[in-house]
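Report on the structure
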Amino acid sequence: MNTLLALFMTSLLHLIPAPVETIPGEGYFLFSRQTSMYFQDAALPLARDAAALFRETIEPSTGIAIKTAKTRPSSNALVFSYDSSLPAEGYTLRVTKDYTEIGAGDSAGFFYGTQTLLQLFPANVYQPVYQPDQYQPSLQVRVPCVQIKDYPRFSHRGMMLDVSRQFYTVEYVKRFIDWMSRHKLNVFHWHLSDDNGWRVEIKKYPFLTQKGSWRGPGQVLPTTYGHAGEIYGGYYTQQEIRQIVAYAAARHIEIIPEIDLPGHSKAAIASYPDILCDLTEEVELSIQGTSNNVWCASYEKNYQMLDDIVREMSALFPSRYFHIGGDEVVTSQWASCTRCTTYMQEHHMEDPAGMQAYFAARMQGILNKYEKTLVGWDDIMDGGNLDREKTVVHAWKSIEKITQAVNGGYRVIAQPASHCYIDMKHTPAERGMTWAAISDVEKVYSFDPVQMAGIDPAREELVLGIQGGLWSELMDRPERIAEYQVYPRLSALAEVAWSPLAKKDWEDFNTRLSLTHFDRLYFMGIRFRVSPPHAGYMNGYIVADNEYPWMVMRYTSDGSDPGPCSSLYTAPIKTDHPEPYRFAAFYRDDVRSIVVEADLPYDRNLKPVTHVTGNLEINRRTPLSNLGDNNPSTYVQCFGPLQEGQTIQFTFEQPVHTSGIRVRTGLPAVDIDVVDFAHVEYSSNGVDFKRVACPWENGGCRFVPDSPVLSVRLVIDKGNDPLTFYLQDLWIEK
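If you're wondering where the values come from, they're calculated on a predicted model, not measured in any experiment. (Residues numbered from 1 in each chain as written. Predicted model: local features only at pLDDT ≥ 70, side-chain atom pairs only at ≥ 80, totals over all residues. Heavy atoms only, no water.)

Each helix and strand counted, the chain has 17 helices and 37 strands in total. On C-alpha atoms alone, the chain measures out to a radius of gyration of 28 Å, which is about the 27 Å that the 2.2 N^0.38 rule sets for 734 residues. Structurally, the chain occupies a C-alpha span of about 90 × 80 × 45 Å along its principal axes. Within the chain, the proportion of its 734 residues that are buried is 58%. In the chain, the proportion of contacts linking residues at least 24 apart, taken out of those at least 6 apart, comes to 72%. Carbon and sulfur atoms provide 50% of the accessible area of the chain, an area that totals close to 30200 Å². Here the chain contributes 67 positive and 88 negative side-chain charges, whose respective centroids are spaced 5 Å apart. (Helix = DSSP H or I, 4+ residues; strand = E, 2+ residues; numbered from the N terminus. Rg over C-alpha atoms; globule rule 2.2 N^0.38 Å. Buried < 20%, exposed > 50% of the residue type's maximum accessible area, 1.4 Å probe, protein only. Contact = heavy atoms within 4.5 Å. Areas by Shrake-Rupley, 256 points an atom, 1.4 Å probe, with all protein chains shown as cover. Lys, Arg positive; Asp, Glu negative; His and termini not counted. Charge placed at Lys NZ, Arg CZ, Asp CG, Glu CD.)

Below, the structure is given as structure tokens:
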């Protein structure tokens, strides 16, 4: 086969992650009901489970049931062979016209070999039900001939899921683990506790889940991050955790549990208030606006409680690693504690940050007792000197923290927020956080923990690997947004973690992703992100395009959201009234992008002179005048709990004629810390107010006034219990 043809055939395979070495062949191997499976003796105990999962995948989707042969067939067989020459987790895959053979030296290698083989099948191999094709009714699948040699670049290839701020069911966690395994990821970092919920059953301390796993009306934790008016939450029983751990292990995924300590602990403290310091004064709020969320670091009973918790969790999680968090601790709390200040004086500590180092050292001792290695966010490097042999630093604040940790002799898991926090927005228009970055698929793919951190090759082995992270503050809506945020960004990160650096090629990856891997994600049942259209208005025409030119785009002209039956966009649209047009991209009509409006060469909104008054307690650094400056990026921070009947009033210098007014709360462009319960009134004379009929949803509402408007009033209703809220300018439509 000539070189150009070989390169062309390689490009058609579209494997993700890209293997170390791929040599395409000619022709196909035909999987059918006559195909058998054979295990070399040394391979049988290592390959048996991977082969069973392979069978479980292809039989429901293709109708092909492969039987095991006792002797090696001369042809038409899937063969598993032992190969001790391969690195850990490595495999070879050889597909010829006569047989398919997977070679490996360990069980993980056989598993990853079968995952690559599945990617050679049509993408619908991942669907759970066989759907016969009328044009190919026989149960046969053609797999292209190829030779592959493959092994991972990093031993730690992970993904973190925050189940505290949003709770995910056992079945969803299993699906999440399935999707990870399809991408050759091998570590599931399970963030099981935070301020907003404790999710793991601890039998000695039942209140942790009886109280600390629930929030909302009548609970010890207030409503946060959606679910207004509901009692929301849940937890995993120890039996459920054992099931999930076993499920993950069968897919060669290690689960590292995390309970966030000593900060981010409001759920634990609300359940057992004695955990808290003996405070002499009010202390500052955490960066998330939570009060009193730090364990007392000098209270000996706390360490006994933590020992008990670790003991129970160590029996559930066989991983040698145990994550204690350690980030964003309000250390000033310890300076206001009678016990901690006494301890600091006795041990000559001038800065309460020294208490964080003391706490980490005590936790290290507890974990070592149960043969666990401490993992903590990079904050644990501050103020102390932990045992390098018993510590792994999880670098999150910046790429520089990877460098600092390696230079300090620590082993490192690289998860810098700028590239690996996949709760960040893809683009400014989409839902997600923004504080670390706007992070699209290409940016995630660009990350490299060794090159970007400038790691000396002699110390490269200290970088264990990389990990993505999904914090779930904004994962309450819309439905299945977690999948939208994670994929395909995690597909990109998986390739960074697995494939050789020399294979890195964004254009090639994006081709493989869009032309084939999107289909795999679709049939896996993942509601992944579809790139939204860009629409612009110029010279009387709306022109729309998409990152992927083949993507289907649909539109409406009445302000409603496009659906799979809406008009198909095929050419520029001539109109003198572009304002109500809405556009969306569709994948197979089932998966839709966000809905976008056309960019206009003029402002959609009126900007009247506005005066704002109110009786809420506000942060002096964000005065009420921010709400009248007609700047959508400014805001007012106010402190809760809010009281029923409190108001914010917007008064215009002149009555405004408008087609609609939007009242919004929450941090601009992020929609976090919204007012959950309120209603809106408006007045034409500033004296007589009329309550609007539109419902208050997701921190805001839009209403259409029936007369010119002089004043708009936001009225707080009962139930807004959190300690921090944000208010925004009105949007007054022309």
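Glancing now at helix α17 (residues 506–524). Taking 1.5 Å of rise per residue, 19 residues should cover 27 Å, yet α17 covers just 24 Å from first to last C-alpha, more than 12% shy of that figure. Of all the bends found along α17, the most pronounced is centred on His517 and spans about 50°. By the criterion of burial, α17 is predominantly enclosed, with 15 of the 19 residues buried. Capping of α17 at its N-terminal end is provided by Asp505; its side-chain oxygen lies 3.1 Å from the backbone amide nitrogen of Glu507. A positive phi of about 90° marks Gly525, the residue just after α17. (Expected span 1.5 Å × (residues − 1). Bend = angle between axes of the 7 residues up to and from the residue. Polar contact = N/O pair within 3.5 Å; in protein donor to acceptor, adjacent residues only side chain to side chain.)

The strands that make up a sheet are held in pairs by hydrogen bonds between backbone atoms, and each pair lies either parallel or antiparallel. The five strands are arranged β28-β30-β35-β32-β33 in an open sheet whose pairing can be described as antiparallel. Both edges of this open sheet fall to β28 (610–614) and β33 (689–691), since each of them pairs with a single strand only. Mean inter-strand twist for the sheet, computed between neighbouring axes without regard to direction, equals 20°. Where strand β32 (residues 678–683) and strand β35 (residues 709–716) come together, six bridges link them in antiparallel fashion. Residue pairing for β35: Val680 is matched across the bridge by Leu714. (Pairing = 2+ DSSP bridges. Axes fitted to C-alpha atoms, helices over the stretch in contact; angles between N-to-C directions.)

In this structure, the amide linkage connecting Ile16 to the following residue, Pro17, adopts the cis form with an omega of 0°. Cis geometry is adopted by the peptide bond preceding Pro641, which originates at Gly640 and carries an omega value of 0°. Within the secondary structure, Pro641 is located in the loop between β29 (636–639) and β30 (647–656). A positive phi angle, close to 55°, is found at Tyr225, a residue other than glycine. Not every positive phi belongs to a glycine, and Arg588 is a case in point at roughly 55°. Counting through the fold element by element, Arg588 comes out in the loop between β24 (582–587) and β25 (591–592). You can call Arg588 partly exposed: its relative accessible area is 43%.

Before going further, it helps to examine the confidence of the model for the chain. Low pLDDT means the predicted atomic positions in that stretch should not be read closely. When pLDDT is averaged along the chain, the result is 95; 97% of the residues meet or exceed 70. Per-residue pLDDT stays below 50 along residues 1–11; that stretch engages in ten contacts with residues further than four places along the chain or on separate chains. (pLDDT = per-residue confidence, 0-100.)

By the bridge criterion, five bridges tie β28 to β30 in an arrangement that is antiparallel. Across the sheet, the residue bridging to His611 is Thr651, located in β30. As paired elements, β30 and β35 share six bridges and run antiparallel to each other. Its bridge partner lying in β35, Phe650 is registered against Val712.

We now examine a negative patch on the surface. On the surface, a cluster of negative charge is contributed by Asp440, Glu442, Asp505, Glu507 and Glu547. Counting through the fold element by element, Asp505 comes out in the loop between α16 (489–498) and α17. Taking relative accessible area as the criterion, Asp505 reaches 37% and is therefore assigned partly exposed. (Patch = residues over 30% accessible without salt bridge, like charges linked within 9 Å, V, L, I, M, F, W, Y side chains within 5 Å. Salt bridge = Lys/Arg side-chain N within 4 Å of Asp/Glu carboxyl O.)

Attention shifts here to the packing of aromatic side chains. Scanning all chains against the criterion turns up 42 aromatic pairs. With centroids separated by 6.1 Å and ring planes inclined at 50°, the aromatic side chains of Phe176 and Phe188 adopt a geometry described as tilted. Residue Phe176 is located in helix α4 (residues 170–182), and its partner Phe188 is located in strand β9 (residues 187–194); the two are separated by twelve residues in the primary sequence. By relative accessible area, Phe176 is classed as buried at 2%. The class of Phe188 is buried, set by a relative accessible area of 0%. Three or more aromatic residues link up through ring pairs in this structure, and these residues are Phe518, Tyr522, Phe523, Phe528, Tyr548, Trp550 and Tyr587. Over the ring of Tyr28 we find Arg142; its NZ or CZ atom is 4.2 Å from the centre of that ring. The cationic tip of Lys211 hangs over the ring face of Phe207; the distance from NZ or CZ to the ring centre is 4.3 Å. (Phe/Tyr/Trp six-rings, centres within 6.5 Å; stacked < 30°, edge-to-face > 60°. Lys NZ or Arg CZ within 6 Å of the ring centre and 35° of its normal.)

It is worth spelling out the nonpolar core at this point. One recurring pattern in soluble globular proteins: nonpolar side chains tend to sit buried together. Membership of the largest hydrophobic core comes to 189 residues, with the highest contact counts inside it found for Phe31, Trp190 and Tyr236. Looking at this core, the element that brings in the most residues is α17, giving eight residues. Among the nonpolar cores identified, the runner-up in size contains 29 residues, and Leu624, Val636, Leu642 and Ile661 belong to it. (Core = buried A, V, L, I, M, F, W, Y, C linked by side-chain atoms within 4.5 Å.)

Right, let's get into the side chain of Asp378. Counting through the fold element by element, Asp378 comes out in the loop between β15 (373–377) and β16 (391–395). Reaching out from Asp378, the side chain makes a polar contact with the backbone nitrogen of Trp396 at a distance of 2.8 Å. Engagement of the side chain of Asp378 in a polar contact is seen with the backbone nitrogen of Lys397, the distance being 3.0 Å.

What follows is about the environment of Arg664. For Arg664, the position within the fold is in strand β31 (residues 660–664). Expressed as a C-alpha distance, the spacing of Arg664 and Asp307, which sit 357 residues apart in the sequence, is 46 Å. If we skip the residues at most four places from it in the chain, Arg664 touches Gly699, Gly700, Leu727, Gln728, Asp729 and Trp731.

Within the structure shown, the criterion is met by 28 salt bridges. Note that Glu597 is salt-bridged to Arg582, the shortest N-O span being 3.3 Å. Of this pair, Glu597 sits in strand β26 (residues 596–597) while Arg582 sits in strand β24, and the two are 15 residues apart along the sequence. Judged by relative accessible area, which is 14%, Arg582 ranks as buried. A salt bridge links Arg662 to Glu733, with the nearest nitrogen and oxygen atoms 3.3 Å apart. Here Arg662 is found in strand β31, whereas its partner Glu733 is found in strand β37 (residues 731–733), with 71 residues between them in sequence. The exposure class assigned to Glu733 is buried, which follows from its relative accessible area of 13%. Put simply, Asp162, Arg165, Asp194 and Glu473 are held in one network by salt bridges that share partners.

Moving on: empty space enclosed by the protein. Rolled over the atoms, a probe sized like a water molecule indicates the empty space that remains. If you walk through the whole model with that rule in mind, you get three cavities of 30 Å³ or more. Each pocket or cavity is described by its volume, and for the largest cavity that value is around 60 Å³. Partitioned by chemical class, the residues of the lining of the largest cavity number four nonpolar, one polar and five charged. Volume-wise, the second largest cavity comes out at about 40 Å³. Of the residues belonging to the lining of the second largest cavity, the class tally is four nonpolar, three polar and one charged. (1 Å grid on protein atoms, 1.4 Å probe; cavity = no way out; pocket = protein on both sides within 12 Å on 5 of 7 lines; lining within 4 Å. Points joined across faces, edges and corners; volume = space filled by probe spheres on them. Nonpolar A, V, L, I, M, F, W, Y, C, P; charged D, E, K, R; others polar.)

Below, the discussion takes up the state of the cysteines. A disulfide bridge is the covalent bond that connects two cysteines by way of their sulfur atoms. One pass over the structure, following the stated rule, counts zero disulfides. As a non-bridged cysteine, Cys296 has Cys277 as the owner of its nearest cysteine sulfur, 3.7 Å distant. According to the relative accessible area criterion, Cys296 is buried, its value standing at 0%. Of all cysteine sulfurs, the one in Cys701 lies closest to Cys638, which takes part in no disulfide; the gap is 16 Å. (Disulfide = S-S within 2.5 Å.)

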